[in-house]
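# Examination of the molecular architecture
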2 protein chains.
Amino acid sequence: MYRAPLSEIAFTLKEVAGLGQLQAQPGQEELSDDLIEAILGEAAKFAEEEIAPLNRVGDENPAQLINGSVKTSPGWKDVYTRWREGGWNALTGDPEFGGQGLPNMLHVAVFEMWNAGSMAFTLCPTLTTGAVEAIEKHGSSELKAKYLEKLTSGEWTGTMNLTEPHAGSDLNALRAKAEPVGDGSYKISGQKIFITYGDHDMTDNVIHLVLARLPDAPAGTRGISLFAVPKYFVNDDGSLGEKNDVTVAGVEHKLGIHGSPTCTMSYGDNGGAIGWLIGEENRGLACMFTMMNNARLAVGVQGLGIAERAFQEALAYSLDRKQGRGVGSKTDGMDPIAVHPDIKRTLLSMKSQTQVARAICYACAHALDMAKLAPDAEQKKFWSERAGLLTPIAKALSTDFGVDVASLGIQIHGGMGFIEETGAAQHLRDARIAPIYEGTNGIQSIDLVMRKLPMSGGDQVRSLISEIKEIASSVNADNTGELGDLGSKLDAAVADLETATEWMLAAQADGKVSEALAGATPYLRLAGITLGAGLLAKGALASKSAPEALKKPRYLMARSFAETVLGESAPLKDDVTRAAEAILAFDAAELA
Amino acid sequence: MYRAPLSEIAFTLKEVAGLGQLQAQPGQEELSDDLIEAILGEAAKFAEEEIAPLNRVGDENPAQLINGSVKTSPGWKDVYTRWREGGWNALTGDPEFGGQGLPNMLHVAVFEMWNAGSMAFTLCPTLTTGAVEAIEKHGSSELKAKYLEKLTSGEWTGTMNLTEPHAGSDLNALRAKAEPVGDGSYKISGQKIFITYGDHDMTDNVIHLVLARLPDAPAGTRGISLFAVPKYFVNDDGSLGEKNDVTVAGVEHKLGIHGSPTCTMSYGDNGGAIGWLIGEENRGLACMFTMMNNARLAVGVQGLGIAERAFQEALAYSLDRKQGRGVGSKTDGMDPIAVHPDIKRTLLSMKSQTQVARAICYACAHALDMAKLAPDAEQKKFWSERAGLLTPIAKALSTDFGVDVASLGIQIHGGMGFIEETGAAQHLRDARIAPIYEGTNGIQSIDLVMRKLPMSGGDQVRSLISEIKEIASSVNADNTGELGDLGSKLDAAVADLETATEWMLAAQADGKVSEALAGATPYLRLAGITLGAGLLAKGALASKSAPEALKKPRYLMARSFAETVLGESAPLKDDVTRAAEAILAFDAAELA
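Residues numbered from 1 in each chain as written. Chains lettered and ligands numbered in written order. Predicted model: local features only at pLDDT ≥ 70, side-chain atom pairs only at ≥ 80, totals over all residues. Heavy atoms only, no water.

### Describing empty space enclosed by the protein
All names here are of chain B.
- One pass over the structure, following the stated rule, counts seven cavities of 30 Å³ or more.
- Computed from the structure, the largest cavity encloses a volume of approximately 140 Å³.
- Looking at the largest cavity, it is lined by 15 residues, and the ones nearest its centre are His-107, Thr-129, Asn-294, Ala-295 and Ala-298.
- For the lining of the largest cavity, the secondary structure elements donating two or more residues are helix H6 (104-117), helix H7 (119-138) and helix H9 (284-320).
- Broken down by element, the lining of the largest cavity gets its largest block of residues, six residues, from H9. (1 Å grid on protein atoms, 1.4 Å probe; cavity = no way out; pocket = protein on both sides within 12 Å on 5 of 7 lines; lining within 4 Å. Points joined across faces, edges and corners; volume = space filled by probe spheres on them. Helix = DSSP H or I, 4+ residues; strand = E, 2+ residues; numbered from the N terminus.)

This is the structure we're talking about:
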């Protein structure tokens, strides 16, 4: 069961994440409230009625490798076909190739719904989106002409081939080879693992984006190039030709997302797979980062989608399941478990974590859109840096919250939560991959600390901190008691974030790289919960005059998140600035 | 792969949890260091060589219901047979019935190893232990004569039948019926769910302990009686007779512990299952609590066992897997991931959480033993209350840590962690039941706050707090810098625990039950991490003169747990004393 939280989604887009600012940009006149409402409403219907029912089916009937081809779960192909025929794959694509050119904010909002419906299903278009972006930005006009229209429509899908058995997070070690044929094409050979939807039967063709090295390429990441390698060759008239030398060597048996085939792909086992360069030789990493940054936000949205669904199911169960009696209950017999304070605490925690994930993911999408739409270079730079700053936070915090909320969802269901038929356990199994792929959350923290904090000499992160401070001031000016300790907790957390940030910037300036790395994980959490609390507070303040039924949960979420989670800011700050001493003083082998 | 951490287990028993005090009790002369070492060493061997290899087998080949009987996973019966023939089931049993009469502390230590080997396997004897204890304490001499010897040896196993579909945590609602036959036996009828090892093929007979209501029983929990219902009747000569009217209606399809059959049991479908009363009519709850309290500690030990194994596997993987290069690395090529500060942080966190769980579980077992062995009534009462106080903490904190550590173990393995063949994912799936069964961790928190804190007018919890204060003083007197901020963090945490405790006691004295319930979960965590940090500190101080290889990890664990986790004490205290205002101000339905 899933009902898209349409009013919360629209509210977060508009009042928290800044959709209005997008609508006000030149050229965005068509992006009306009516259009947005219509799109969200139709997406909600499709997610609820068509995608959500796939989720158990895919879990119980995983995608299978049969005679070298992957067969997806029963019913998936039909839903995928209706989904792309509905134009959903083309939402953000370039209008020149059939896309609707809508902003990322809408993309993220509808992908929240698709993921809540079925994360395993949604992974397929998530990867296609990445391929579309890489080709739009870096592809030659020939490549665009050949692939972009069908990838934009979703008639074909895309994949992303980075990982090799010995090279997971470290692309320096990548070994796949590409040899120029002489006619502009390249012979690709090598094995890639963990390839999401590396093969499937939902479309006629799959376009693989593959990282490989040219014969004379420099060592390390400066010697990597990106290639488009189609499953079937595409003739000049657009029809499909021969099959390329690309085979599926296996499909993984995973903890979750069973409906999503995770393939081991072999390129060139029979003479060489043919591929075409995307971008320039040895500059593949830049192209890959185009895909990867958006994919990181997309993974954050997976955490968000699962959290929302797990929360809804836990709430419904707690209102239905009767056990024990509430304090002072006057009912005859047992009460729903939702009356017990500990259950209410858990539900409130699930809902506020979900809303924090939503607010941060949408704010990140807003920054990406502004980086494209802002009228001048200075603003473009500001928003591009903002998107860079928010991306690792959106990815790591939302996926950690996704796992937490799914686990709390099991807990709410008690013994039934451990029984697979209930569905609560699947959410935890599915959610558990999100803190790992597209760069583990540890790597996100390192990216945040080492690459993102130093942007503009630290002024980008300082500007974010100032914005949270302003929200805190508004809370303090406005608080009539209904927001509890929100103002003071937010003040304290921002101060802690500021201290930890300046410590990090100073550590790097002093060349204390190991010290900075040792504190990266608590730093990301500190930044994430402080920003999240700020955005919940912003939402609460924006609801001040809303009807009580809308205002009350937003006030509750903001205050309770501050009172239960934000207090971590002080120990997190201590951890950031203190942990290195212990961590750097031992070798892991000494723990054996 | 599992290697029992023998030196850590022995150290924790002796230097942290108080085994020496047990050995000094009158009648415990035979409990020598040599005997203990021999038992632990043999158990380690059995756990490593025999039980640990069962773990994947059981996961991949779940126990199955075939023609009304449960068939366990391949090889399980053989290992069980060797295990009980080795005398392991009889460790703590009454010598009158073939038991070895050894203390709980040893029981818990060897069960840590069995659970690390395979939690699903170990559940079977865990339940038998509970049945033995209930019959030892409450059974008539006829019942004892008939069942105790074979249950003590493990030739038969026991089960615990509380839950019914409509009555999980709330035993008031229990409906199973018992009608006196007239010959001292009772006809039992009704359905029970979630019955661990409700049926299996590892032994000839299973003795079910079943809660049911007599026809004239008062409503609620004061009308529940406990019965022994054998799968096969036992003739007077000890041979097995006819099959009782007990059937397995189904086996659950669960997230984890696949090797452990979780059965739906039907009693009396064909005229009535015959059972015999344990203890007095309508006093079944008291008997059940005998089983349940020990079972709660046993579940805590499951969290501990899985945490230890997940840690060991993650450490081994991190020392083996190469990705990236350490800061300032002079090696040629990639370094093991264990050199990265974020990985070291994670490993240290896993190890210190595991050690906290071990220390608290062992301390709880020590209190149980002292309650039995202490020479006078006053001390017996003190230790019985101490065991009561520690039981919910041992259960909830250790199982929460078990889930956390297993999840971190997946994270350390990166993408491989999500692949089932690696084994890391199974630990999370298995561990996830432990915070749920034997009373959810929310219920443990309520038990701690509502029943345990008020013991002796609050003086029992105050005495525990004093003991932690003394440890903190020793740390402060002793700290040469190697223990970092441990002393000051421990001081602050004890003060927070004291404040929260007095607030809880006052809330209850003032009849503010809902307020106390709203803060129960953060209170338990506050008490658990403070006690845990105190015990880690005790262990560190006891290692002051130990060789560096032993001392260093204990110092590291104590300091790093304090510097990274104990800082939560202030926000937890605020949460305990503050959260009720928000939580009591809404109905769950308002979150929809």
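Picking up where we left off.
### Section: the relation of the copies chain B and chain A
- The transform that puts chain B on chain A rotates by 180 degrees and translates by 0.0 Å along the axis, for an RMSD of 0.0 Å. With respect to symmetry, the two chain copies, as superposed, fit the operation of a two-fold axis. Closest approach to the rotation axis among the C-alpha atoms of chain B is made by Glu-568 of chain B, whose C-alpha sits 3.1 Å away.
- The residues that chain B uses at the interface reappear at the interface of chain A in 100% of cases, marking a shared surface. (Least-squares fit on C-alpha atoms with pLDDT ≥ 70 in both. Contact = heavy atoms within 4.5 Å.)

### Observations regarding the UniProt feature "domain: Acyl-CoA dehydrogenase/oxidase C-terminal" (unreviewed entry) in chain A
- When the UniProt feature table is mapped to this numbering, "domain: Acyl-CoA dehydrogenase/oxidase C-terminal" (unreviewed entry) covers residues 282-449 of chain A.
- The span residues 282-449 of chain A is 73% helix and 0% strand, and its two end C-alpha atoms sit 27 Å from each other. (UniProt positions renumbered as here; feature names shortened; annotations may be inferred.)

### Here we look at the side chain of Ser-398 of chain A
- Relative to the assigned elements, Ser-398 of chain A resides in helix H11 (residues 377-412).
- Those residues in contact with Ser-398 of chain A that lie beyond four places of it in its chain are Gly-300, Gly-303, Leu-304, Ala-357, Cys-361 and Ile-393 of chain A.

### A few points about the environment of Tyr-197 of chain A
Residues and elements named next belong to chain A.
- One can find Tyr-197 in the loop between strand E5 (185-196) and strand E6 (206-212).
- Judged by relative accessible area, Tyr-197 falls into the buried class, the value being 0%.
- It is 8.3 Å that separates the C-alpha atoms of Tyr-197 and Leu-127, two residues lying 70 residues apart in sequence.
- Among residues more than four places away in sequence, those in contact with Tyr-197 are Thr-72, Trp-76, Ala-120, Phe-121, Leu-123, Cys-124, Thr-159, Met-202, Val-206, Gly-259, Ser-260 and Pro-261. (Buried < 20%, exposed > 50% of the residue type's maximum accessible area, 1.4 Å probe, protein only.)

### Here we look at the domain arrangement of chain A
- Once the domains are mapped, chain A shows domain 1 (6-153), domain 2 (157-282) and domain 3 (440-592).
- Computed over C-alpha atoms only, the centres of domain 2 of chain A and domain 3 of chain A are separated by 39 Å. (Domains from an automatic or database assignment.)

### Regarding the interface of chain B and chain A
- Between chain B and chain A, the residue contacts involve 86 residues of the former and 86 residues of the latter.
- Of the roughly 7,400 Å² buried between chain B and chain A on both sides combined, carbon and sulfur atoms contribute 61%.
- Looking only at chain B, the three residues that lose the most surface to chain A are Arg-345, Phe-418 and Leu-591 of chain B, adding up to 11% of its buried area.
- For the pair chain B and chain A, the number of links is 12 salt bridges.
- Here Asp-485 of chain A ties to Arg-578 of chain B by a salt bridge, and the two come within 2.6 Å at their closest N and O atoms.
- Inspection of the chain B/chain A interface yields 40 residue pairs in polar contact (both at pLDDT 80 or more).
- Looking at the side of chain B that touches chain A, the element that brings in the most residues is helix H19 (residues 569-583) of chain B, giving eight residues.
- Considered class by class, the residues forming the side of chain B that touches chain A number 41 nonpolar, 20 polar and 25 charged. (Buried area = accessible area lost by both parts, 1.4 Å probe. Salt bridge = Lys/Arg side-chain N within 4 Å of Asp/Glu carboxyl O. Polar contact = N/O pair within 3.5 Å; in protein donor to acceptor, adjacent residues only side chain to side chain. Nonpolar A, V, L, I, M, F, W, Y, C, P; charged D, E, K, R; others polar.)

### Details of the packing of helix H3 (residues 33-51) of chain A against helix H5 (residues 76-85) of chain A
All names here are of chain A.
- Remark: H3 packs on H5, axes separated minimally by 11 Å, with the N-to-C direction vectors making an angle of 170 degrees. The angle between H3 and H5 falls in the class roughly antiparallel. Note on packing geometry: the crossing formed by H3 with H5 is right-handed. Across from Phe-46, Glu-50 and Ile-51 in H3, the residues of H5 making contact are Val-79, Arg-82 and Trp-83. (Axes fitted to C-alpha atoms, helices over the stretch in contact; angles between N-to-C directions. Parallel < 35°, antiparallel > 145°, perpendicular 65-115°, else oblique. Left-handed = near helix turned anticlockwise from the far one by under 90°.)

### A closer look at the pattern of salt bridges
Residues and elements named next belong to chain B.
- Applying the stated criterion across every chain yields a total of 66 salt bridges over all chains.
- Taking the shortest distance from any N to any O, the salt bridge between Glu-498 and Lys-469 comes out at 3.0 Å. Of the two residues, Glu-498 sits in helix H15 (residues 486-509) while Lys-469 sits in helix H14 (residues 459-478), which places them 29 residues apart along the sequence.
- By relative accessible area, which is 30% here, Glu-498 ends up partly exposed.

### As for the packing of aromatic side chains
- Under the definition given, this model contains 22 aromatic pairs over all chains.
- For the pair Phe-382 of chain A and Trp-383 of chain A, a centre-to-centre distance of 5.1 Å together with 90 degrees between the ring planes defines the contact as edge-to-face.
- Clustering of aromatic rings is evident, with ring pairs tying together Phe-46, Trp-76, Tyr-80, Trp-83, Trp-88, Trp-114 and Phe-121 of chain A.
- One Lys or Arg, Lys-551 of chain A, reaches over the ring of Tyr-555 of chain A and ends 4.7 Å from the middle of that ring.
- We note Arg-554 of chain B situated over the ring of Phe-11 of chain B; from NZ or CZ to the ring centre the distance is 3.4 Å. (Phe/Tyr/Trp six-rings, centres within 6.5 Å; stacked < 30°, edge-to-face > 60°. Lys NZ or Arg CZ within 6 Å of the ring centre and 35° of its normal.)

### Regarding the packing of helix H1 (residues 6-16) of chain A against helix H6 (residues 104-117) of chain A
All names here are of chain A.
- Running from N to C, H1 and H6 point in directions that differ by 155 degrees, and their axes come no closer than 11 Å. The angle between H1 and H6 falls in the class roughly antiparallel. The hand of the H1/H6 crossing is right-handed. Packed against H1, whose contacting residues are Leu-6, Ile-9 and Leu-13, the element H6 presents Met-105, Ala-109, Glu-112 and Met-113 at the interface.
- Of the residues contributing to the contact of H1 with H6, the split by class is six nonpolar, no polar and one charged.

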